[in-house]
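Residue-level structural notes
Residues per chain are reported as follows:
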Amino acid sequence: MLLSLVLFVMLVLANGVPVVVARILKRRWAAPVDGGRLWSDGRPILGPSKTWRGLISGVVCCALFSSVIGLGLMFGLLFGILALWGDLLSSFYKRRMGMASSARAVGLDQVPESALPMVLAVFWLPISWWSAASVVALFTLSNILFSPLLYRLGIRRHPH
């Protein structure tokens, strides 16, 4: 149970720190991961909200947290990378579906960024598939429920 809670916190850090860093740094170091390029469908590959600053800050924070709590720097690094790859994958699919950057897509916005790192956790740590699925469900539900509150507090730019 405690390990599941730690992994949930790591997901929140990997996905939440980039939002906080963006609020603090505004447009500084906000180069988009896709370089502003378009896919063959004429739409952005990922969109302007997916930045190198966000990718690096989320991965580094996750890695440092993991190291401090005893799961190891390498586990945290890989966990953070997979969480943010999941987020990038979601953005890629949303652009292909014609959705604008930061448009809401319940499930697609939460599951890839939580499921990919949880697969790593199952193979790296003593955690069951059932516990991993529970963490993914908790992350998804908490993201859906708390995003509007974070928007009202001025932390998020969008209420979803």
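First things first, this report covers the structure right here in the doc. The model shown is predicted, which means the values in this text are computed figures rather than measured ones. (Residues numbered from 1 in each chain as written. Predicted model: local features only at pLDDT ≥ 70, side-chain atom pairs only at ≥ 80, totals over all residues. Heavy atoms only, no water.)

Looking now at the pattern of salt bridges. Throughout the structure, instances matching the rule amount to four salt bridges. The partner of R96 in a salt bridge is D41, and the shortest N-O contact between them spans 2.7 Å. Within this pair, whereas R96 is found in helix α3 (residues 73-96), its partner D41 is found in the loop between α1 (2-25) and α2 (52-69), the two being separated by 55 residues in sequence. D109 is paired through a salt bridge with K94; the nearest N and O atoms lie 2.7 Å apart. Separated by 15 residues along the polypeptide, D109 in the loop between α3 and α4 (111-124) and K94 in helix α3 bring together distant segments of the chain. An identical accessibility class is assigned to D109 and K94; each is buried. One network of salt bridges, with partners in common, ties together D41, R43 and R96. (Salt bridge = Lys/Arg side-chain N within 4 Å of Asp/Glu carboxyl O. Helix = DSSP H or I, 4+ residues; strand = E, 2+ residues; numbered from the N terminus. Buried < 20%, exposed > 50% of the residue type's maximum accessible area, 1.4 Å probe, protein only.)

Applying the stated criterion across every chain yields a total of five aromatic pairs. Ring plane angle 85° and centroid distance 5.0 Å describe the contact between W39 and F92, whose orientation is recorded as edge-to-face. On the criterion of sequence distance, the pair formed by W39 in the loop between α1 and α2 and F92 in helix α3 is long-range, its members being 53 residues apart. Pairing F75 with W124 gives two aromatic rings, centres 5.5 Å apart and planes at 55°, and the pair type is tilted. In this pair, F75 is assigned in helix α3 and W124 in helix α4, connecting sequence segments 49 residues apart. A residue is classified by how much of its surface remains accessible, and W124, at 39% relative accessible area, is partly exposed. Aromatic ring contacts, followed pair by pair, group W39, F92 and Y93 into a single cluster. Over the ring of W29 we find R28, and its NZ or CZ is 6.0 Å from the ring centre. Stacked on the ring of F92, the Lys or Arg R96 has its end atom at 4.6 Å from the ring centre. (Phe/Tyr/Trp six-rings, centres within 6.5 Å; stacked < 30°, edge-to-face > 60°. Lys NZ or Arg CZ within 6 Å of the ring centre and 35° of its normal.)

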